[in-house]
Amino acid sequence: MTRSLRAKLVFIMLLLIVILMTVVTVFLTRGVRDFYLDEFYRRMTDAFTGTEMVSALRDAANEPDAAEMMEKIIVAYAGQLGIDSGTRKFYILDGKTGSRLAGAEIPRGETLAVTPNIETALGGDDAYSGSSGGEYMDAAAPISGDAGRFIVYIRDNRETATTLSAQLFRMILEAVAFGLAAAVAISLLLSRTLLSPVQGMTEAAEAMAEGDFSRKIPVESEDEIGTLSRTFNTMASQLEATLFELTQAEQLRRDFVANVSHELRTPLTSVRTYAETIADTPDLPDETREEFLRVILNESDRMTKIVSDLLDLSRLDSGKGLDFDVFSIEKSVRDVYDAIRPIVEKRGQSIDIELHWGMPDIRGDKARIEQVLMNIMTNAMKYTPEGGAILISCGVAGKNVWVKIADTGVGIPEDDLPHVFDRFYRVDKARSRESGGTGLGLSIAKEIIERHGGIITVTSEIGRGSAFTVSLPIAGTDA
Ligand code: ADP
């Protein structure tokens, strides 16, 4: 690609130079010729109209040696007529026959051709005209006197113009040669400047095709190439980011599938083991049999819980499952509190509520929000030992209402804090299992709160307790 583009550039430059120089040559040579022609006829017209030279010639025409005298007069005015250069000659001709009487010699064996201008002068008129295409320029002026009729004839063979043109042409040729060399050099340089970023882009694109997005093209200019390089780099970064997100999402999906399989396999294994034991041991004591059956029932319940939690999540993931309406968050907090209080107290823990009167309503799915509150309160209860305390408080902050559920329980290690909202994440697996947890509760809570445009946060200190805060936009605000 590079090679062919470079060749094209060089070719275009050469073509341009050749065209330009051809045009210049044509105009210059034609200009020189026309200038020379115009100059000749202007000079002749000036010289032969009412000048001293003409009166002198007329006087001479009255003398017996008229032709010789006229020759002398013309020689005297040679400078003015431009006949001292060798390429321009003059003749004194007989005014009736056109034959030479004096002036320049005619080479032996040749005759002076009767040109249209001589013809006109023979008829008695001045003649200073000619075409630019001819091989010569001439002017003929008839002079009459007592000694007869004469014609002063001046003829130029155009050699000066031709020589000048040839010299010009040679100079132009030299300039063309130089121009061509310069054009090749410039176009090679230009092609390098233009093509090296393109080359860079090609290499970067090739690297990208192989999955390497780190290659960036240096942006060296502010022109179109610079813009293209910058756009290319932006595109590469965006692609890289998208690919990274996709990879991460794919990893999450894999982890999730692995987790689900694992979570279901554990209870299934227990169920199978206990069921087998019961089936294979007919003389199993009734007490043991009953205990085993209870385990089987418990594990089945766990599996049902996991499956229903997963269904919940998948419904939320697919954007379904929420039923929005305006409702009082204050009432919801109180309802959940009332529902859980007897259970908490039965476990030997205390639970208190600090209600902020006149809390604004929120817009959302009431049942789902209550599910979240219940989940957090249940966790607070589960992870707080006997004698511990749970405190529920709420309030308004800007365009949001917040509900905080704090406990004096086991707390969550700092390293685990960022993960408690991850699916299947449990700080203490055995403890969570024991209390019937699935590790999905908080991830479902987070999903629900975020779908409401709110946030859920946690602070905790190991051994001292945890506090979960849910913050939700007040109904009618655009938060
Ligand atoms: P689980 O069903 O195991 O309770 P969650 O998603 O509700 O799952 O909670 C995730 C993990 O976060 C729990 O296993 C527990 O380790 C930790 N956790 C949640 N709430 C509390 C709390 N109030 N105090 C201490 N640890 C908690």
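Tell me about helix α6 (residues 159-209), and name the residues and values.
Spanning 51 residues, α6 covers 71 Å between terminal C-alpha atoms, matching the ideal 75 Å at 1.5 Å per step. By the largest-angle criterion, Leu195 marks the main kink of α6, which is about 35 degrees, and a proline, Pro197, follows within four residues. Directly beyond the C-terminal end of α6, a positive phi value near 95 degrees is found at Gly211.

Talk me through the site of the ligand; I want residue IDs and the actual numbers.
Of all residues adjacent to the ligand, which total 22 residues, the nearest are Asn379, Asp407, Ser432, Thr438 and Leu442. Here Asn379 contributes a side-chain N or O atom positioned 2.8 Å from an oxygen atom of the ligand. Thr438 places a main-chain nitrogen or oxygen 2.9 Å from an oxygen atom of the ligand. With the chains in place, 97% of the 530 Å² that the ligand exposes on its own is no longer accessible. Breaking the shell around the ligand down by element, the ones donating at least two residues are α10 (366-382), α12 (441-451) and β11 (465-473). The element that contributes the greatest number of residues to the shell around the ligand is α10, accounting for four residues. Residue composition of the shell around the ligand, grouped by class: ten nonpolar, nine polar and three charged.

Hey, could you go over the domain arrangement of the protein for me, with residue numbers and the actual values?
Split by domain assignment, the protein resolves into domain 1 (2-163), domain 2 (224-300) and domain 3 (323-473). Using only C-alpha atoms to locate each centre, domain 1 and domain 3 end up separated by 116 Å.

Lay out helix α8 (residues 286-317) with the relevant residues and their values.
Taking 1.5 Å as the rise per residue, α8 with 32 residues should run 46 Å; its terminal C-alpha atoms sit 46 Å apart, in good agreement. Three or more residues of α8 are buried, namely Phe292, Ile296, Glu299, Arg302, Met303, Ile306, Asp309, Leu310, Asp312, Leu313 and Leu316. Tucked inside the fold, the buried residues of α8 contact α7 (224-280), α10, α11 (429-434) and α12.

Can you explain the pairing of strand β8 (residues 389-397)? Please cite residues and give values.
Where strand β6 (residues 350-354) and β8 come together, five bridges link them in parallel fashion. By the bridge assignment for β8, Ser350 is matched with Ala389. Inspection of the sheet shows β8 paired to strand β9 (residues 400-407) by eight bridges, in the antiparallel sense. Pairing of Leu391 across the sheet is with Ala406, part of β9.

The rules behind these values
- Counting from 1, residues in each chain are numbered in the order their sequence is written.
- Selection of residues for local features in this predicted model requires a pLDDT of at least 70, selection of side-chain atom pairs for listing and counting requires 80 or more, and totals for whole chains, interfaces and linings are taken over all residues.
- The basis for the side-chain values is all heavy atoms of the structure; hydrogens and waters are excluded.
- Runs of H or I in DSSP of at least four residues are treated as helices and runs of E of at least two as strands, each being numbered from the N terminus.
- One less than the residue count of a helix, multiplied by 1.5 Å, gives the span that helix is expected to have.
- Fitting axes to the seven residues ending at a residue and to the seven starting there, one defines the bend at that residue as the angle between these axes.
- Nearness is judged by heavy atoms alone; a residue qualifies as near a molecule or strand once a single heavy atom is within 4 Å of it.
- Pairs of N or O atoms within 3.5 Å make up the polar contacts considered here, provided that, within protein, one atom can donate a hydrogen while the other can accept it, and that residues adjacent in sequence are counted only when both atoms are side-chain atoms.
- Exposure was quantified through the Shrake-Rupley algorithm and a 1.4 Å probe, taking into account, for residues, occlusion by the shown protein chains and nothing else.
- When residues are grouped by polarity, Ala, Val, Leu, Ile, Met, Phe, Trp, Tyr, Cys and Pro land in nonpolar, Asp, Glu, Lys and Arg in charged, and all others, Gly among them, in polar.
- Domain ranges listed in this record stem from an automatic or a database domain assignment.
- Burial status follows relative accessibility: with a 1.4 Å probe on protein chains alone, a residue under 20% of its type maximum counts as buried, one over 50% as exposed, and anything between as partly exposed.
- Contacts: residue pairs with any heavy atoms within 4.5 Å of one another.
- Following DSSP output, two strands are said to pair if at least two bridges run between them.

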